[in-house]
Amino acid sequence: MLPLTEKDITTSFINASRSQVSDLSLPTDFDSLDWDNLDFLGWRDRKFPRRGYVFVQREDGPAGILLQQAEARPRARVLCSWCQDITLEDDVVFYGVRRAGKAGRNGNTIGTLVCADFGCSRNARKLPAVAYLGFDVEAARDKQVSTLQERVQRFVLEVHTGE
Ligand SMILES: [Zn+2]
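Residues numbered from 1 in each chain as written. Predicted model: local features only at pLDDT ≥ 70, side-chain atom pairs only at ≥ 80, totals over all residues. Heavy atoms only, no water.

Peer 1: Would you mind showing me how to read the pattern of salt bridges here?
Peer 2: Close approach of charged atoms allows side chains with opposite charge to pair. Summed over the entire model, instances satisfying the criterion amount to 7 salt bridges. Note that Arg125 is salt-bridged to Asp39, the shortest N-O span being 2.8 Å. Of this pair, Arg125 sits in the loop between helix H4 (120-124) and helix H5 (137-161) while Asp39 sits in the loop between helix H2 (18-23) and strand S1 (41-44), and the two are 86 residues apart along the sequence. The exposure class assigned to Asp39 is buried, which follows from its relative accessible area of 8%. A salt bridge links Asp60 to Arg58; the nearest nitrogen and oxygen atoms lie 3.6 Å apart. The class for Arg58 is buried, based on a relative accessible area of 19%. (Salt bridge = Lys/Arg side-chain N within 4 Å of Asp/Glu carboxyl O. Helix = DSSP H or I, 4+ residues; strand = E, 2+ residues; numbered from the N terminus. Buried < 20%, exposed > 50% of the residue type's maximum accessible area, 1.4 Å probe, protein only.)

Peer 1: Sorry, what's going on with the coordination of the zinc ion here?
Peer 2: In ideal tetrahedral geometry, four donors around a metal make angles of 109.5 degrees, whereas ideal octahedral geometry with six donors gives angles of 90 or 180 degrees. Coordination sphere of the zinc ion, protein contribution only: Cys80 (SG), Cys83 (SG), Cys115 (SG) and Cys120 (SG), at 2.3 Å. Around the zinc ion sit 4 donor atoms, and with donor-metal-donor angles ranging over 104 to 120° the site reads as tetrahedral. When the donor residues of the zinc ion are listed from N- to C-terminus, their spacing reads C-x2-C-x31-C-x4-C. A residue pair is termed long-range when its members are at least 10 positions apart, and Cys80 in the loop between strand S3 (61-69) and strand S4 (92-98) and Cys115 in strand S5 (residues 109-115) qualify at 35 residues. Classification of Cys80 as buried rests on a relative accessible area of 2%. For Cys115, a relative accessible area of 2% puts it in the buried group. (Donors = N, O, S within 2.8 Å, 3.2 Å for Na, K, Ca; no water. Tetrahedral: all angles 85-135°; square planar, octahedral: opposite > 155°, others 65-115°.)

Right, here's the structure in full:
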């Protein structure tokens with residue numbers, strides 16, 4: 001993705017209050033992020049352990065959402081709804097997200113099961129297992145990456161439009 005500046009982050013939230021934005025901590029590795037290998041920027045706030053942030057680049061510029069991890073943990077092993085990584089190295093947790101605008105002010109939220117530390121870009125870049133003779137693992141990996149991008153974009157849009 002295109003790199004984000006600190007200003008992009010503090011000015012591009014679609015569902016966070018002003019005080020939430022002013023309290024946020026940037027990722028600790030913000031200055032050394034490998035943007036070329038990120039489909040979105042996601043991190044957990046080191047001061048608010050249950051709070052996470054996800055940013056994507058859209059045609060009209062960056063957009064960010066604030067996510068709140070639910071108290072309850074999924075009971076069984078579940079797949080991340082974004083990367084659907086089946087090797088399950090990452091913890092997958094339930095995040096609730098307040099919708100943008102009026103819907104959000106009325107308490108309307110949506111939820112999603114996502115890798116707790118948002119490692120989806122890394123997961124999607126792993127080479128898949130060879131499914132059959134002649135299986136094109138590189139093409140399959142490209143597909144994993146583009147599918148991840150679509151899913152995250154769609155989720156952010158859903159938070160934004162309330163649809
Ligand atoms: Zn994931």
